Amino acid sequence: MQNLSVNACLAPACSMHKKHVVTVEGLGNTKNMHPAQEILANAHGSQCGFCTPGIVMSLYTELRNNPRPTKHDIEDAFDGNLCRCTGYRPILDGAKKFSVCGNDCNTCEEKDTCEHVDIEDFGKKNAGGFGVKYPDELLTFHSNASGPKSFIFENKRHKWVHPSTKSELVALKLTKNTFPDAKIINGNTEVGIEVRFKNQYYPIYISTADVAELKTMSVLDNGVEWGSLTTIANLQKQLKELIKKLPAHQTRGFEALYDNIKYFAGRQVRNVSALAGNICTASPISDLNPVLVALGAILTVESQNGGQRKLPIREFFLGYRKIALQKTEVLVSVFVPFTTELQFASAFKQAKRRDDDIAIVNGGFLVSLKEQDGSYIVEDSCFAYGGMGPFALQAKKTSAYLKGKVWSEGEVKTACKLLLEDMPLSGTSPGGQIEYRKTLSQSFLYKFYLRVADQLPSLSIAENVKSALQEIHRDISSGSQVYQESKEAGAVGKAVVHLSATKQVTGEAIYVDDIPKFHNELYAIVVGSAIAHGRILSVDPSEALKLPGVYYISHQDVPKSDHHGDPNMIGSVFHDEELFATDTVHCIGQMIGLVLANTEAEARAAAKLVKVEYEKFPAIITTEEAIEKKSFFPIERQIITGEFKGEETDRPLASATHHVEGVARMSAQEHFYLETQASLVVPGREDDEMEVYAGTQNPTETQHLVAHVLGIPSNRVVCRVKRLGGGFGGKESKSVFLSCGLAIAARKLGRPVRCMLSREEDMAISGTRHAFMGDYKVGFTDEGKLVSLELDLYANAGYSYDLSIAVLERAMTHCDNSYRIPNMKLHGRLCKTNTPTNTAFRGFGGPQGMMIAEQYICHVAEYLGKTVEEFINFYKENEFTHFRMPLENVFLERAWKELEASSEFHKRKQSVEEFNRKNKFRKRGITIMPTKFGLAFTARFLNQAGALVHVYIDGSVRITHGGVEIGQGLHTKMVQIAAHELGVPIEKVFLSETRTDLVPNTSATAASVSSDINGMAVKNACEQILNRLKPIQEQHPEFTWEQVVKAAYMDRINLSANGFYKTPDLSYDWASNTGRMFSYFTYGACCAEVELDTLTGDHIVQRADVIMDIGRPINPAIDVGQIEGAFVQGMGWSTIEEPLYSPTTGFLLTRGPGLYKIPGFKDIPVVFNVTVMDGVRNTRAIHSSKAVGEPPLFLGAAVMFALREAIKAARAEQGIGGYFRLDSPATSERLRLSCVDEFVSASKTDLLPGEKPWGVPL
Ligand SMILES: Cc1cc2nc3c(=O)[nH]c(=O)nc-3n(C[C@H](O)[C@H](O)[C@H](O)COP(=O)(O)OP(=O)(O)OC[C@H]3O[C@@H](n4cnc5c(N)ncnc54)[C@H](O)[C@@H]3O)c2cc1C
Ligand code: FES
């Protein structure tokens, strides 16, 4: 019996036949949790909880198969999982408690402090072990040899044929009674993608799941033959065994295969996908094919009539996804020869992210040498590449050149140039990254040369290149979290576990789409614009409407009432967006209509039948294009200070002895909340009432805009929010569209309507973090003292305003980061482009402003030949920012100094320099970077909050407030505050959900201030009740809480209170640059150290130390989780995450998790230390706390600046000094191309006039 984790969305129901499906709900429940669930909950491993069931199941499967895992096994167990909230550290820490260290527990010196949890002990205590019991009927079924084996399932649309022998499988592909056109299906990890995303329909599937004959492995005299249905996971295990068992020289090819499988997909995919599936898919970026091609694998294919034939894999691939397999043939086995004494093999893969990512370029290399006069002569070679053409290409000219040549650095470098002829890529080739891909192809071959040379006795390679032989080693991750829990009485300041954690780990937590289906409910699918800009000529839903139970809704269904302007016009700040497009479309995905049907599948099928005709207009996609075409929104922002004021605006400032000018550019970022946008709208039976269950950060705006589009007063609409599976700003305003559209449908049809966007729809429609560009000119002194900053700032806003003005404002107020610059001239503009409206994203323009600051700081430092640490222009106490905000309790220098000491920065910097001296192709970089983040909504009126507190006669307390639980632990903190104020245990306080009928007119849960303002409102309500209870408490000091409450009730005292809070003193006038913009600032710093492979651009974050001033946290464990999660998100933003669009069509090319990569478990810093600064008080927020959601995010960019240091070292090695531009994110492509060398120079590829690259950032 085997336990395998699989992706539910790729596992067809029929493939589960004779299998026992275990889901998170089957493991345990909140009353009786499985240890895998309990340990993750208690370790603070669940924030929004949307990823948590998958993570629990990966851990459970690992423990079922491997009850005594090592820490390494635990880290590997999660390679197919993602989490956007936690930063992974707490999940790993929790899960590692199951790991064994190898010591004997009885004698181990650390046994008293060891936190190890023995899963087998748990199993012994529980009848049936620690795993879910396999059902008896299935056990009997499997052991019953006479039980049915081959079978067919069928319904009206599909036939699922399930042979059990190879001969049946082969026969099925043949005669008129069988299915030559049927799709063979193993793991469905390719076919499933074709069906879900490429509109493929296969009426007949032949499942190979039970064809055991084709899952075998045979070791032969000259190699190993694998049954074609061997799964990648089994292949991986078998290769490992073979490498251990067989003579080393024979298994060099197997090692190469094994190396690439390490980074092949995630465990869930490897568990089911088969060798045949990978080979027959013939993907140009298959990880196995180039290696198998290089190794000269031989395929055996079989058909009923033709019998078996052998096909060398080198002749198997004919074109893009075209193979030399006849329709009636089945691939049955794959033979991989052993390598000989002087045959060497290697494989390489470079992807955007190390784990679970498809390759940008990969390669398999084989060279056969012979010894001659003390040299090694190339007899034969095969260099096969993926990602360089339509299929696994062999570099034939390169091989031909090398044949008969000495295996030497000179010859291989000459051969590298021929690679560019073997695999020419033009500037417009699909996939983009042209120069990078060309560079990688050369770097790989050069690395291969080094690897082979290192194994040849007479060829030695220099010590300083040895580190280039292997990939960068990643240790098991570890770290520390330093914080103080409050020792005072009461619930505040305690590291209470997120109150939904147990529900989240057991799958009991309810998100919008978990709400049981209402009677008569319809499902809606958005019909979005297929073009970026143009006029709608016609919309024809007639074919869709012919399907039973299908409806179509458009702008014609929006009531025409104009009590608040046009109801079809909505928007957060201005009503400048159409709910349903009427005439002109401004971006791909813009909503034209909704198709509704009884089920999602029916609605999807119908939506494909809606025909829309357009007249296309030219589209503007990038920031640069918008600047060139002067496509700006009319509202702009300016800040002018110091000597730039008045008539002398353009005069160079006398005290600035130097100036540098440059451009800082950063791309957008996809929110990638794990729960996509979702809403459910239920019409009431009377009085136009409407109930909206929305995944929104902004219930009030949802309520108001739903009322607006329906033309009814807001008092008829209730918006209810239980919890969100992540938001990060992406559900502040963009969630509202869906609810408004569904409300129109619900009103018209009188039925509940639900929709949850698919990941691809969500990414295409819902906007991103704003891409920014800053043209700067900085004046400074010889010592690096900053004197002036002139900055033209451009934000790519998309096609409407949304929240972009406020985002721009925050960027402008943060473009000083932590540095005082007395003279500033800032001009901010919003670029109007034909892309979805960009929106709020954690940090809200702040990180973009600070990124520009750090870029010009680097420029100044590199101009002066100094390091950034040498000239610190930190703000001091009582100084004013450029927007006239006084600075009180400035912790910048303290954060910096404490971090310098605790991270041993100076000592480590020396080690880094030493490392760099010793290693030519591996460079390390280390840097320290500060942050300062202003707290408050920049729109003054939003800085208010309400709360409602009820005390019931039994003493239990129910609270609610205006904030939304997005995973950030807000409700937990509010419960802590209420319990603290009332002096009751937190178990007495309950918070169910956020509702606009309980607390009205709330502000969005945003700007990091939700705890500050809602906490104050909760406190205020509690104080009102306490004041009313005071006389009884004074009269009866001996009374328990319950007795006091009971007595108050009997005395007819109101036990319910409505609390309110508004942040004091806020006022800012942009025109005069006066007033107070923020309530206070949060400060912090990060020291990051990285290691970079300068030949590939691959990198690892070796260590990050973060220190944050967050006052006295209400809940330090939750706040540490916020710091870690924000850091990892900021690291993703500045290193691997980059949405790319087609410059010609405006289509988002990086849709879905396959193409857009957020950091995974093995991207976090290997050593990750977080310190909450001690002894800090903040008089401007509740219980001296400070906001924490957004401020740490920018610190993730320290990784990018550490990488910049590593690049500097690489460039210095090549004799290149001075400033260079490094745009954000510092992807492996930008990193590699910045390490200029002969390979980069040879790869230069210019676009021809009129040509555009395949993909561009916004
Ligand atoms: C999340 C994810 C990550 C991935 N990551 C990677 C990665 O890192 N590297 C990589 O290389 N690929 C990756 N892939 C692609 C895919 O998983 C692999 O190509 C996989 O090996 C396909 O195997 P399968 O058994 O699932 O194929 P299936 O989807 O079952 O079949 C694929 C194709 O092969 C044909 N076929 C299968 N068996 C036979 C046979 N015996 N004879 C003839 N034709 C046959 C099928 O008819 C079908 O056309 C990824 C896919 C996903 C979904
Ligand atoms: S807790 Fe993992 S995605 Fe939210």
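What counts, and where the lines are drawn
- Chains are numbered independently. Their residues run from 1 in the order of the written sequence.
- Chains carry letters and ligands carry numbers; both start at the beginning, A for chains and 1 for ligands, and go up in the order they are written.
- pLDDT decides what is reported in this predicted model: residues at 70 or higher carry local features, side-chain atom pairs at 80 or more are listed and counted, and totals for whole chains, interfaces and linings draw on all residues regardless.
- The side-chain values count all of the structure's non-hydrogen atoms but skip hydrogen atoms and water molecules.
- A cavity here means a set of points on a 1 Å grid, drawn over the protein atoms and nothing else, where a 1.4 Å probe fits but cannot get out; a pocket is an open set with protein on both sides within 12 Å along at least five of seven lines, and a residue lines either one if it has an atom within 4 Å of a point.
- Grid points are joined across faces, edges and corners, and a volume is the space filled by probe spheres set on the points.
- Under the scheme applied here, ten amino acids are nonpolar (Ala, Val, Leu, Ile, Met, Phe, Trp, Tyr, Cys and Pro), four are charged (Asp, Glu, Lys and Arg), and all others, including Gly, are polar.
- Each axis is a line fitted through C-alpha atoms, and for a helix only the stretch in contact is used; angles between axes span 0 to 180 degrees, taken between their N-to-C directions.
- Working definition: helices are DSSP H or I runs of at least four residues, strands are E runs of at least two. Numbering for both runs from the N terminus.
- These descriptions rest on fixed angle ranges, namely under 35 degrees for roughly parallel, over 145 for roughly antiparallel, 65 to 115 for roughly perpendicular, and the rest for oblique.
- Left-handed describes a crossing whose near helix is turned anticlockwise from the far helix by less than a right angle; the clockwise case is right-handed.
- For this analysis, residues touch if any pair of their heavy atoms sits within 4.5 Å.
- When DSSP locates at least two bridges between a pair of strands, those strands are taken to pair.
- Boundaries of every domain are those given by an automatic assignment or by a domain database.
- By convention in this text, a residue qualifies as near a molecule or strand provided that one of its non-hydrogen atoms is within 4 Å of it.
- Polar contact is the term for a pair of N or O atoms within 3.5 Å; when the atoms are in protein, one must be able to donate a hydrogen and the other to accept it, and sequence-neighboring residues count only if both atoms are side-chain atoms.
- What sets the accessible areas is the Shrake-Rupley method with a 1.4 Å probe; for residues, cover comes only from the shown protein chains.
- UniProt positions are given in the numbering used here, feature names are shortened, and annotations may be inferred rather than shown by experiment.
- Burial classes follow relative accessibility: with a 1.4 Å probe on protein chains only, a residue under 20% of its type's maximum area counts as buried, one over 50% as exposed, and anything between as partly exposed.
- When the centres of two rings from Phe, Tyr and Trp lie within 6.5 Å, Trp using its six-membered ring, the rings pair. Their planes under 30 degrees apart give stacked, over 60 give edge-to-face, and anything left gives tilted.
- A ring has a charge above it when a Lys NZ or an Arg CZ is no more than 6 Å from the ring centre and no more than 35 degrees off the ring normal.
- For salt bridges, the criterion is a side-chain nitrogen of Lys or Arg within 4 Å of an Asp or Glu carboxyl oxygen.
- Patches here: salt-bridge-free residues with over 30% relative accessible area, like charges joined within 9 Å, nonpolar side chains (Val, Leu, Ile, Met, Phe, Trp, Tyr) joined within 5 Å.
- Here a helix's expected span is defined as the number of its residues, less one, multiplied by 1.5 Å.
- The disulfide criterion is simple: two cysteine sulfur atoms within 2.5 Å.

**Observations concerning empty space enclosed by the protein**
Okay, so step 1: Tallied over the full model, the rule gives 14 cavities of 30 Å³ or more.
Okay, so step 2: Together, 33 residues line the largest cavity, and Ile 966, Gln 968, Ser 1008, Gln 1122 and Gly 1189 are the ones closest to its centre.
Okay, so step 3: For the lining of the largest cavity, the per-class residue count stands at 13 nonpolar, 13 polar and 7 charged.

**Points about the packing of helix 22 (residues 699–710) against helix 23 (residues 735–749)**
Okay, so step 1: As a packed pair, helix 22 and helix 23 sit with axes 9 Å apart at the nearest point and diverge in direction by 40 degrees. When the axis of helix 22 is compared with that of helix 23, the two are oblique. Where helix 22 crosses over helix 23, the two elements pack in a sense that is right-handed. Along its contact with helix 22, which presents Glu 701, Thr 702, Leu 705, Val 706, Val 709 and Leu 710, the element helix 23 presents Val 736, Ser 739, Cys 740, Ala 743, Ile 744 and Arg 747.
Okay, so step 2: For the contact of helix 22 with helix 23, the per-class residue count stands at 8 nonpolar, 2 polar and 2 charged.

**What about the sheet that holds strand 2 (residues 159–162)?**
Okay, so step 1: Reading across the sheet, the 4 strands line up as 1-2-4-3 and stay open at both edges, with mixed pairing between neighbours. One side of each edge strand has no neighbouring strand; the edge strands of this open sheet are strand 1 (151–154) and strand 3 (183–185). Each adjacent strand pair in this sheet contributes to an overall mean axis angle of 25 degrees, direction not counted.

**Things to note about the domain arrangement of the protein**
Interface size is commonly expressed as the accessible surface area that is lost when the partners come together.
Okay, so step 1: Domain boundaries assigned for the protein yield domain 1 (21–133), domain 2 (154–207), domain 3 (212–426 + 438–461), domain 4 (512–619 + 670–765), domain 5 (874–937 + 1075–1240) and domain 6 (944–1062).
Okay, so step 2: When each unit is reduced to the centre of its C-alpha atoms, the spacing between domain 1 and domain 6 is 36 Å.

**Focus: the site of ligand 1**
Okay, so step 1: The full set close to ligand 1 counts 30 residues, and Ile 184, Asn 186, Thr 189, Ala 274 and Asp 287 are the nearest of them.
Okay, so step 2: Contacts to ligand 1 include Ala 265, whose backbone N or O atom sits 2.8 Å from an oxygen atom.
Okay, so step 3: Across the complex, the protein chains shield 89% of the 990 Å² of accessible surface that ligand 1 would expose by itself.
Okay, so step 4: Counting only elements with at least two residues in the shell around ligand 1, the list comes to strand 3, helix 9 (191–197), helix 13 (275–281) and strand 11 (330–337).
Okay, so step 5: No other element matches the 5 residues that helix 13 contributes to the shell around ligand 1.
Okay, so step 6: Taken together, the residues that form the shell around ligand 1 break down as 15 nonpolar, 10 polar and 5 charged.
Okay, so step 7: Of the domains in this structure, domain 2 (154–207) and domain 3 (212–426 + 438–461) are the two that each give at least three residues to the shell around ligand 1.

**A word on the UniProt feature "binding site: [2Fe-2S] cluster 1" (unreviewed entry) in the protein**
Okay, so step 1: On the UniProt side, "binding site: [2Fe-2S] cluster 1" (unreviewed entry) is annotated at positions that read Cys 9 here.
Okay, so step 2: On the secondary structure map, Cys 9 appears in the segment before helix 1 (24–27).

**So, the UniProt feature "binding site: substrate" (unreviewed entry) in the protein**
Okay, so step 1: When the UniProt feature table is mapped onto this chain, "binding site: substrate" (unreviewed entry) is found at Glu 732, Arg 810, Phe 844 and Thr 938. When only the residues just named are considered, the largest cavity is lined by Glu 732 and Phe 844.
Okay, so step 2: Within the element layout of this structure, Phe 844 appears in the loop between strand 33 (823–832) and helix 26 (846–864).
Okay, so step 3: Note on Phe 844: relative accessible area 13%, which makes it buried.
Okay, so step 4: With respect to the helices and strands, the residue Thr 938 is situated in the loop between strand 34 (922–935) and strand 35 (944–951).
Okay, so step 5: Residue contacts for Thr 938: discarding those within four places in its chain leaves Ala 806, Glu 809, Arg 810, Met 1077 and Phe 1078.

**Some words on the packing of aromatic side chains**
Okay, so step 1: For the structure shown, the criterion picks out 35 aromatic pairs.
Okay, so step 2: Measuring from centroid to centroid gives 5.9 Å for Trp 160 and Tyr 205, while their planes differ by 55 degrees, and the two rings are tilted. Within this pair, whereas Trp 160 is found in strand 2, its partner Tyr 205 is found in strand 4 (residues 204–207), the two being separated by 45 residues in sequence. In this pair, the class of Trp 160 matches that of Tyr 205, namely buried.
Okay, so step 3: With a centroid separation of 5.4 Å and 80 degrees between ring planes, the pair formed by Phe 316 and Phe 317 is classed as edge-to-face. Accessibility assignment for this pair places Phe 316 and Phe 317 in one class, buried.
Okay, so step 4: An aromatic cluster of three or more residues is present, and its members are Phe 348, Phe 365, Phe 383, Tyr 385, Trp 407, Phe 444, Tyr 446, Phe 448, Tyr 449, Phe 921 and Phe 1239.
Okay, so step 5: The ring of Phe 841 is capped by Arg 769, whose NZ or CZ atom sits 4.2 Å from the centre of that ring.
Okay, so step 6: Of note, Arg 769 hangs over the ring of Trp 1133, and the distance from its end group to the ring centre comes to 5.3 Å.

**Digging into the sheet that holds strand 28 (residues 690–694)**
Strand pairs in the sheet, formed through backbone hydrogen bonds, run parallel or antiparallel to each other.
Okay, so step 1: Taken together, 8 strands build an open sheet; the order of strands is 19-23-17-30-27-28-29-38 and the sheet is mixed. The sheet is open, and its two borders are formed by strand 19 (551–553) and strand 38 (994–995), each paired with just one other strand.
Okay, so step 2: For strand 17 (residues 522–528) and strand 30 (residues 753–756), the ladder comprises 2 bridges, and the chain directions are parallel. Following the sheet pairing, Leu 522 is matched in strand 30 by Val 753.
Okay, so step 3: Relative to the sheet, helix 22 contacts strand 28, strand 29 (717–721) and strand 38, its axis offset from that of strand 29 by approximately 145 degrees.

**Remarks on the layout of surface pockets**
Okay, so step 1: In this structure, the second largest pocket encloses a volume near 1,100 Å³.
Okay, so step 2: Around the second largest pocket, the lining is made up of 37 residues, and of these Glu 1229, Arg 1230, Pro 1253, Gly 1255 and Pro 1257 lie nearest the centre.
Okay, so step 3: Every element with two or more residues in the lining of the second largest pocket is listed here: helix 17 (434–455), helix 21 (623–628), helix 34 (1228–1234) and helix 35 (1238–1242).
Okay, so step 4: Broken down by element, the lining of the second largest pocket gets its largest block of residues, 4 residues, from helix 34.

**Considering the side chain of Arg 720**
Okay, so step 1: Considering the arrangement of structural elements, one finds Arg 720 in strand 29.
Okay, so step 2: In terms of polar contacts, Arg 720 uses its side chain to reach the side chain of Glu 993, at 2.8 Å.
Okay, so step 3: Excluding residues within four positions of it along the chain, Arg 720 makes contact with Glu 691, Val 692, Tyr 693, Ala 694, Glu 993, Thr 994 and Arg 995.

**Focus on the pairing of strand 8 (residues 307–312)**
Okay, so step 1: Of the pairings in the sheet, the one linking strand 7 (residues 298–303) to strand 8 comprises 6 bridges and is antiparallel in character. Looking at the pairing, Leu 299 lines up with Leu 311 of strand 8.
Okay, so step 2: Connecting strand 7 to the antiparallel partner strand 8 that follows it, the hairpin turn spans 3 residues.

**Quick word on unusual backbone geometry**
Okay, so step 1: With an omega of 5 degrees, the peptide bond between Ser 1224 and Pro 1225 qualifies as cis.
Okay, so step 2: Following the sequence through the fold, Pro 1225 ends up in the loop between helix 33 (1198–1213) and helix 34.
Okay, so step 3: A positive phi angle is found at Ala 265, which is not glycine, with a value near 45 degrees.
Okay, so step 4: The topology assignment puts Ala 265 in the loop between helix 11 (252–262) and helix 12 (267–270).
Okay, so step 5: Owing to a relative accessible area of 17%, Ala 265 belongs among the buried residues under this scheme.

**Describing the pattern of salt bridges**
Okay, so step 1: Tallying each qualifying case throughout the model produces 72 salt bridges.
Okay, so step 2: We note a salt bridge from Lys 447 to Asp 1093, for which the minimum N-O separation is 2.6 Å. You can see Lys 447 sitting in helix 17 and its partner Asp 1093 sitting in strand 42 (residues 1080–1093), a full 646 residues away along the chain. In this pair, the class of Lys 447 matches that of Asp 1093, namely buried.
Okay, so step 3: Within the structure, one salt-bridge network assembled from shared partners comprises Glu 691, Arg 720, Glu 993, Arg 995 and Asp 997.

**Observations concerning a nonpolar patch on the surface**
Okay, so step 1: A surface patch of nonpolar side chains, amounting to about 320 Å² of accessible area, comprises Ile 953, Tyr 1049 and Met 1050.
Okay, so step 2: Inspection of the secondary structure puts Met 1050 in helix 31 (residues 1041–1050).

**Notes on helix 3 (residues 52–65)**
Okay, so step 1: A rise of 1.5 Å per residue sets the reference length of helix 3, with its 14 residues, at 20 Å; its end C-alpha atoms lie 20 Å apart and thus fit the reference within 8%.
Okay, so step 2: The element helix 3 is largely enclosed, with a buried count of 10 among its 14 residues.
Okay, so step 3: Within helix 3, the full set of buried residues consists of Thr 52, Ile 55, Val 56, Met 57, Ser 58, Leu 59, Tyr 60, Thr 61, Glu 62 and Leu 63.

**What to know about the packing of helix 29 (residues 970–982) against helix 30 (residues 1010–1035)**
Okay, so step 1: Two elements in contact, helix 29 and helix 30, have axes whose closest approach is 9 Å; the angle formed by their N-to-C orientations is 30 degrees. What the angle tells us is that helix 29 and helix 30 run roughly parallel. Considering only the axes of helix 29 and helix 30, their crossing is right-handed. Seen from helix 29, the contacting residues are Leu 970, Lys 973, Met 974, Ile 977, Ala 978, Glu 981 and Leu 982; seen from helix 30, they are Ser 1010, Ser 1011, Asn 1014, Gly 1015, Val 1018, Lys 1019, Cys 1022 and Leu 1026.
Okay, so step 2: Among the residues forming the contact of helix 29 with helix 30, the class breakdown is 8 nonpolar, 4 polar and 3 charged.

**Considerations on the state of the cysteines**
Okay, so step 1: Tallied over the full model, the rule gives 0 disulfides.
Okay, so step 2: Looking at Cys 858, it has no disulfide partner, and the nearest cysteine sulfur is the one in Cys 1086, 14 Å off.
Okay, so step 3: In this structure Cys 1087 is not part of a disulfide, and its nearest cysteine sulfur, from Cys 1086, lies 6.7 Å away.

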